[in-house]
Amino acid sequence: MAHRTPRRITIIGASLAGVRAAESLRRRGFDGTLTLVGAESVPAYQRPVLSKKYLTGDQQASDIALPLGDLNADVRLGTRAVRLDTAERRVWLRQGTGEPYPQSYDGLLVACGTRARTLAGPAMAGVHTLRTVGDADALRTALRTGSPHVVVVGGGLIGQEVAATARALGLDVTLVDPLPFPGMRALGPGAGQVLAALHTDHGTKLRLGHTVAALEGGDCVTGVRLSDGSVIPADVVVVGVGVEPATDWLAGSGLDVTDGVRCTGNLAAVGAPGITAAGDVARWKHPRSGRSVRVEHWENALRQADAAAHTLLEGDAAPAFGETTMFWSNLYDSRVQLIGSPGPDDTFEIVEGDPQSRRFVGSYGNGPRRTGVLLFNMPQRMPHYRQAFDEDTPLDCGPFEATI
């Protein structure tokens with residue numbers, strides 16, 4: 001059956017992927033009815049800075065707002081999707097605590113992102129997650145009230161950034177992670193050891209190879225008890241144990257929501273026509289790695305937004321999404337950049353520089369496939385290695401002139 005261009009498109013999610021998808025639809029000539037639904041009550045903003053300059057107070061809400069073009073859209077903030085009927089092509093929405101109401105669509109783009117995982121146990125004052133600007137506001141106040149002892153649970157990207165930011169504020173910081181090294185599991189022990197030394201050199205205490213047994217305290221947290229029985233005093237606990245796709249509203253819809261919305265190569269949702277997904281919530285088989293992946297980074301959301309919009313308008317004629325994406329982080333005085341999506345079992349080898357100097361480039365691979373390139377304090381080399389990764393050419397050092 002020939003693809004019919006939708007006339008009524010609803011986007012669930014009004015953060016980066018949703019907003020950029022709306023812009024892409026208009027740029028690609030869509031002149032129908034467009035509805036943009038966002039669970040947060042504030043307009044879209046730049047999420048990556050929440051764990052950095054926003055926490056220190058160097059940036060305010062007005063500084064991190066996403067610039068918006070003229071979307072000519074019905075924007076509904078403070079509104080959640082609560083149910084999807086793919087047969088009738090209706091999604092039920094709820095504004096605040098109001099009654100759910102149906103919204104009909106011809107095309108639906110799911111960009112609802114993820115939510116932060118939490119620790120088991122009763123809620124306590126002083127325990128924070130960091131996903132939204134509201135979370136960041138609460139954590140910023142806590143970090144800047146007195147001189148609290150801070151325990152960060154989870155050594156992933158967010159946990160490490162919060163630890164570095166809290167140390168920049170002069171606070172006592174302990175980072176806890178069950179792995180023997182901090183960092184995303186996919187980075188492996190080689191890069192993890194470099195990151196561990198970076199943290200300790202800047203005064204962050206590391207308790208690696210331990211899980212959290214319980215949080216101590218009554219109404220307010222007073223400490224973190226670890227699996228070895230020791231207790232770390234804590235006035236502020238930041239839980240950075242990852243995120244999970246916000247797909248509970250899709251239960252019973254017929255979509256495959258095992259670790260995100262499963263998609264075809266061009267980001268069409270598997271299980272129902274007229275639906276695509278983009279950003280943190282989309283899971284698809286990447287043509288380069290051959291893996292089914294879900295990528296939780298800014299640039300991926302930006303690029304997938306356009307691809308998912310294209311597929312909504314063109315159907316099977318839209319190309320597969322196989323673009324290389326990257327992420328970066330500033331930790332203390334270091335800049336870490338990763339191209340691609342390595343897996344935890346991939347091999348890692350240094351191709352330039354020296355890890356002991358904290359200026360190096362490393363390559364990840366899985367058999368004949370190159371799956372990622374890590375740059376540590378080598379930002380000037382990014383264009384060279386990104387081109388080599390995109391073109392799958394040898395990662396020789398190439399021409400290099402040191403810059404200050």
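To keep things clear, this report deals only with the structure shown in the data block.

Each value, and the rule that gives it
Residues numbered from 1 in each chain as written. Predicted model: local features only at pLDDT ≥ 70, side-chain atom pairs only at ≥ 80, totals over all residues. Heavy atoms only, no water. Helix = DSSP H or I, 4+ residues; strand = E, 2+ residues; numbered from the N terminus. Rg over C-alpha atoms; globule rule 2.2 N^0.38 Å. Areas by Shrake-Rupley, 256 points an atom, 1.4 Å probe, with all protein chains shown as cover. Lys, Arg positive; Asp, Glu negative; His and termini not counted. Charge placed at Lys NZ, Arg CZ, Asp CG, Glu CD. Pairing = 2+ DSSP bridges. Expected span 1.5 Å × (residues − 1). Buried < 20%, exposed > 50% of the residue type's maximum accessible area, 1.4 Å probe, protein only. Contact = heavy atoms within 4.5 Å. Axes fitted to C-alpha atoms, helices over the stretch in contact; angles between N-to-C directions. Phe/Tyr/Trp six-rings, centres within 6.5 Å; stacked < 30°, edge-to-face > 60°. Lys NZ or Arg CZ within 6 Å of the ring centre and 35° of its normal. Core = buried A, V, L, I, M, F, W, Y, C linked by side-chain atoms within 4.5 Å. Salt bridge = Lys/Arg side-chain N within 4 Å of Asp/Glu carboxyl O.

### A word on the overall build of the chain
Stage number 1. Looking only at helices and strands, the chain has 8 helices and 26 strands in total.
Stage number 2. For a compact globule of 404 residues, the expected C-alpha radius of gyration is about 22 Å, and the chain comes in at 22 Å, within 12% of that figure.
Stage number 3. With the model as given, the accessible surface of the chain reaches about 18000 Å², and the carbon-plus-sulfur share is 50%.
Stage number 4. In the chain, which carries 40 positive and 43 negative side-chain charges, the distance between the mean positions of the two groups comes to 3 Å.

### Some details on the pairing of strand β6 (residues 101–104)
Stage number 1. Examined bridge by bridge, strand β5 (residues 90–95) and β6 share 4 bridges and lie antiparallel to one another. Residue pairing in the sheet places W92 in a bridge with P102 of β6.
Stage number 2. Counting the residues that bridge the hairpin from β5 to β6 gives 5 residues, and of these G96 lies at a positive phi of roughly 60°.

### Remarks on helix α1 (residues 16–27)
Stage number 1. The terminal C-alpha atoms of α1, which comprises 12 residues, lie 16 Å apart, in line with the 16 Å expected from a rise of 1.5 Å per residue.
Stage number 2. Here α1 lies mainly inside the structure; 11 of its 12 residues are buried.
Stage number 3. Three or more residues of α1 are buried, namely L16, A17, G18, V19, R20, A21, A22, E23, S24, L25 and R26.
Stage number 4. Contacts from the buried residues of α1 go to β1 (8–12), β2 (33–38), β7 (107–110) and α7 (298–314).
Stage number 5. In the segment just after α1, G29 is the residue with positive phi, at about 100°.

### As for the sheet that holds strand β23 (residues 334–340)
Stage number 1. The strand order across the open sheet formed by 5 strands is β22-β23-β26-β25-β24, and the pairing between neighbours is antiparallel. Looking along the sheet, the strands with just one partner apiece sit at the ends: β22 (326–331) and β24 (347–354). With strand direction ignored, the average angle separating the axes of adjacent strands in the sheet is 15°.
Stage number 2. Sheet analysis places β23 next to strand β26 (residues 369–376), joined by 5 bridges and oriented antiparallel. Looking at β26, one finds that V336 is bridged to F376.

### Points about the environment of C263
Stage number 1. One can find C263 in the loop between β18 (261–262) and β19 (275–277).
Stage number 2. Note on C263: relative accessible area 7%, which makes it buried.
Stage number 3. The spatial distance from the C-alpha of C263 to the C-alpha of S292 is 9.5 Å, given a sequence separation of 29 residues.
Stage number 4. Not counting the four nearest positions on each side in its chain, C263 is found in contact with A268, A269, V270, A277, A282, R283 and W284.

### Considerations on the packing of aromatic side chains
Stage number 1. Evaluation of the coordinates by the stated rule reveals 3 aromatic pairs.
Stage number 2. When the centroid spacing of 5.3 Å and the interplanar angle of 10° are considered together, the rings of F360 and F376 count as stacked. With a gap of 16 residues between them, F360 in strand β25 (residues 359–366) and F376 in strand β26 connect regions that are remote in the sequence. Judged on exposure class, the residue F360 and its partner F376 are both buried.
Stage number 3. Directly above the ring of W328 sits K52, whose terminal nitrogen or CZ lies 5.2 Å from the centroid.
Stage number 4. The ring of Y54 has R140 lying over it, and the distance from NZ or CZ to the ring centre is 4.3 Å.

### Some points on the nonpolar core
Stage number 1. Counting residues in each nonpolar core, the largest one holds 50 residues, and the members touching the most others are I11, L84, V91 and I275.
Stage number 2. Among the elements that make up this core, the one with the highest residue count is α7 (7 residues).
Stage number 3. Apart from the residues within four sequence positions on either side, I275 is in contact with L84, T86, Y105, L108, V110, L255, L267, A268, A269 and L312.
Stage number 4. In this structure, I64, A136, V150 and V173 belong to the second largest nonpolar core, which totals 22 residues.

### What about the pairing of β24?
Stage number 1. Two elements, β24 and β25, share 7 bridges in a ladder whose sense is antiparallel. Bridging across to β25, E352 finds its partner in V361.
Stage number 2. Once β24 ends, the chain turns through 4 residues before running back antiparallel as β25, passing R358 with a positive phi of about 60°.

### Description of unusual backbone geometry
Stage number 1. With a phi angle near 50°, N72 is a residue other than glycine that sits in the positive phi range.
Stage number 2. If you trace the backbone, N72 turns up in the loop between α3 (61–64) and β3 (74–77).
Stage number 3. In this structure N72 comes out as exposed when scored by relative accessible area, which is 58%.
Stage number 4. Not every positive phi belongs to a glycine, and R358 is a case in point at roughly 60°.
Stage number 5. Looking at the secondary structure, you find R358 in the loop between β24 and β25.

### Comments concerning the sheet that holds strand β16 (residues 236–239)
Stage number 1. Within the open sheet, the 5 strands sit side by side as β9-β16-β10-β11-β12. Their pairing is parallel. The strands lining the two open edges of the sheet, one partner per strand, are β9 (127–128) and β12 (205–208).
Stage number 2. Where strand β10 (residues 149–153) and strand β11 (residues 172–177) come together, 5 bridges link them in parallel fashion. Within the sheet, the bridge partner assigned to H149 lies in β11 and is D172.
Stage number 3. Along the sheet, helix α5 (residues 157–168) contacts β10, β11 and β16; its crossing angle with β11, the most-contacted strand, is approximately 165°.

### Things to note about the pattern of salt bridges
Stage number 1. Following the criterion strictly, the structure yields 27 salt bridges and no others.
Stage number 2. For R20, the salt bridge identified is with E23, shortest N-O distance 3.0 Å. Of this pair, R20 and E23 both sit in helix α1, 3 residues apart, which is roughly one turn of the helix. The same class applies to R20 and to E23, which are both buried.
Stage number 3. Each of R115, R117, E244 and D248 takes part in a single network of salt bridges with overlapping partners.

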